[in-house]
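Results of the structural survey
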Amino acid sequence: QVQLVESGGGLVQSGGSLRLSCDASGSIFSMYSMGWYRQAPGKERALVATITRDGITNYPDSVKGRFTIFRDNAKNRVSLQMNNLKVEDTAVYYCNAFFRDDLGSRRYYWGQGTQVTVSS
């Protein structure tokens, strides 16, 4: 079994900062990419940031320059530093992992989600 455990969500004022972390554990043979997605009420889940094993990152324009994703390969941990938060960043944030499990299968896993609320 595999688990993704997220932490770090909460309530912050506009212009503030938060850091999210996600720890992956279980039958993971090799972790490929990890990332963060978010879903606001009434909207589809959307990309926030991804990072490959080699550290190549990808961000949509909406968060570029404000959010930074980084990972610890030894711990299978991915973190998201969010600065200059805006009200429109309010959403449930989900950790995602793409990996090969101990049986050789490639899998996508999602965390349970953590709420980020930005007040004006």
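Everything that follows concerns the structure shown earlier in this document.
Attention here is on the structure that accompanies the text. Bear in mind the structure is a predicted one, so any value in this text is a computation, not a measurement.

**Overview of the pattern of salt bridges**
Evaluation of the coordinates by the stated rule reveals five salt bridges. With its nearest N and O atoms 2.9 Å apart, the salt bridge here joins aspartate 89 to arginine 38. Highlighted residues: aspartate 89 in the loop between strand S8 (77-82) and strand S9 (91-101) and arginine 38 in strand S4 (residues 28-39), separated in sequence by 51 residues. Look at aspartate 89 and you get buried, because its relative accessible area is 1%. We note a salt bridge from aspartate 101 to arginine 107, for which the minimum N-O separation is 2.6 Å.

**Looking at the sheet that holds strand S7 (residues 67-72)**
As summarised here, the arrangement of the four strands in space is S1-S3-S8-S7, forming an open sheet in which the pairing is antiparallel. Edge positions in the sheet fall to strand S1 (2-7) and S7, since each has one partner strand and no second. If you compare each strand with its neighbour and ignore which way they point, the axes differ by 15° on average.

The rules behind these values
Residues numbered from 1 in each chain as written. Predicted model: local features only at pLDDT ≥ 70, side-chain atom pairs only at ≥ 80, totals over all residues. Heavy atoms only, no water. Salt bridge = Lys/Arg side-chain N within 4 Å of Asp/Glu carboxyl O. Helix = DSSP H or I, 4+ residues; strand = E, 2+ residues; numbered from the N terminus. Buried < 20%, exposed > 50% of the residue type's maximum accessible area, 1.4 Å probe, protein only. Pairing = 2+ DSSP bridges. Axes fitted to C-alpha atoms, helices over the stretch in contact; angles between N-to-C directions.

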